[in-house]
Amino acid sequence: MDILLAPFRAIYRGLVWFANSPRTLITSYLLMIVIAGVLYSQFEHKSAADSVWWAVVTASTVGYGDISPATFAGRFLAALLISTMVLLVIPLITAHFASRLIVDDDAFEHAEQEELKADVRRMRALLEELAARQGIELPELPPRTPVTGPGSAAPAGERPTRSGTRRRRR
């Protein structure tokens, strides 16, 4: 099963890398316009300026209709350019900039979270030591349930196992 999912994982990692790099997004947009313009120029025998104009108008899905493909290759190129821009590039650009606007300035940074977790572990150890000195028995901790989601990586020594449960450090 892992072999079947490997290509999809690679595509996903590529999209994440692609989406998180504004320089790559803008460069790919410009490259697509230039390449589509050059190909359109070859397929439809139009000037370079007209071809680049056609690529910009087509990629933005404005479609003025002043220049349109007449050959099958030109129409296929238009369909490919529109599909790629509408389904991939424009949503990724929009998502990237939207994620930059939606930032919680009050959220703990990863280093702060790790520091807090370490402090809680130290306090638990001190509490257990103090309770042992006083002869007090502490109640058992509730069973740990794995936390999933962004930023929920377990600390070193408590990595998730294959079953999704975590091993306790000894």
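This text follows the structure it describes.
Residues numbered from 1 in each chain as written. Predicted model: local features only at pLDDT ≥ 70, side-chain atom pairs only at ≥ 80, totals over all residues. Heavy atoms only, no water.

A. Expanded view of unusual backbone geometry. Of note in this structure, His-45 is not a glycine but carries a positive phi near 55 degrees. Inspection of the secondary structure assignment puts His-45 in the loop between helix 2 (22-44) and helix 3 (48-59). Phi angles above zero are rare outside glycine, and Thr-61 is one such case at about 60 degrees. By the element assignment, Thr-61 lies in the loop between helix 3 and helix 4 (72-101). (Helix = DSSP H or I, 4+ residues; strand = E, 2+ residues; numbered from the N terminus.)

B. Representation of the packing of helix 1 (residues 2-19) against helix 2 within the structure. Packing of helix 1 against helix 2 brings their axes to within 6 Å, and their N-to-C directions diverge by 95 degrees. Classified by the angle between their axes, helix 1 and helix 2 sit roughly perpendicular to one another. Residue-level inspection shows Trp-17, Phe-18 and Ala-19 of helix 1 in contact with helix 2, the latter providing Thr-24, Leu-25 and Ser-28. The residue inventory of the contact of helix 1 with helix 2, partitioned by class, reads four nonpolar, two polar and no charged. (Axes fitted to C-alpha atoms, helices over the stretch in contact; angles between N-to-C directions. Parallel < 35°, antiparallel > 145°, perpendicular 65-115°, else oblique. Contact = heavy atoms within 4.5 Å. Nonpolar A, V, L, I, M, F, W, Y, C, P; charged D, E, K, R; others polar.)

C. Quick peek at the packing of aromatic side chains. If you walk through the whole model with that rule in mind, you get three aromatic pairs. Centre to centre, the rings of Phe-72 and Phe-76 are 6.3 Å apart; their planes meet at 25 degrees, and the pair counts as stacked. Note that Phe-72 and Phe-76 are positioned in helix 4 at a spacing of four residues, about one turn of the helix. Take Phe-72: its relative accessible area is 69%, and that puts it in the exposed class. A relative accessible area of 51% places Phe-76 in the exposed class. (Phe/Tyr/Trp six-rings, centres within 6.5 Å; stacked < 30°, edge-to-face > 60°. Buried < 20%, exposed > 50% of the residue type's maximum accessible area, 1.4 Å probe, protein only.)

D. View of helix 3. In this model helix 3 runs 16 Å from its N-terminal to its C-terminal C-alpha over twelve residues, within 8% of the 16 Å that 1.5 Å per residue would give. Among the residues of helix 3, Ser-51, Trp-54, Ala-55, Val-57, Thr-58 and Ala-59 are the ones counted as buried. The elements touched by buried residues of helix 3 are helix 2 and helix 4. Positive phi appears at Thr-61, one or two residues downstream of helix 3, with a value of about 60 degrees. (Expected span 1.5 Å × (residues − 1).)

E. Local environment of the side chain of Ser-51. Tracing the backbone through its elements, the reader meets Ser-51 in helix 3. Overall, the relative accessible area of 0% leaves Ser-51 in the buried class. A polar side-chain atom of Ser-51 sits 2.9 Å from the main-chain carbonyl oxygen of Ser-47. (Polar contact = N/O pair within 3.5 Å; in protein donor to acceptor, adjacent residues only side chain to side chain.)

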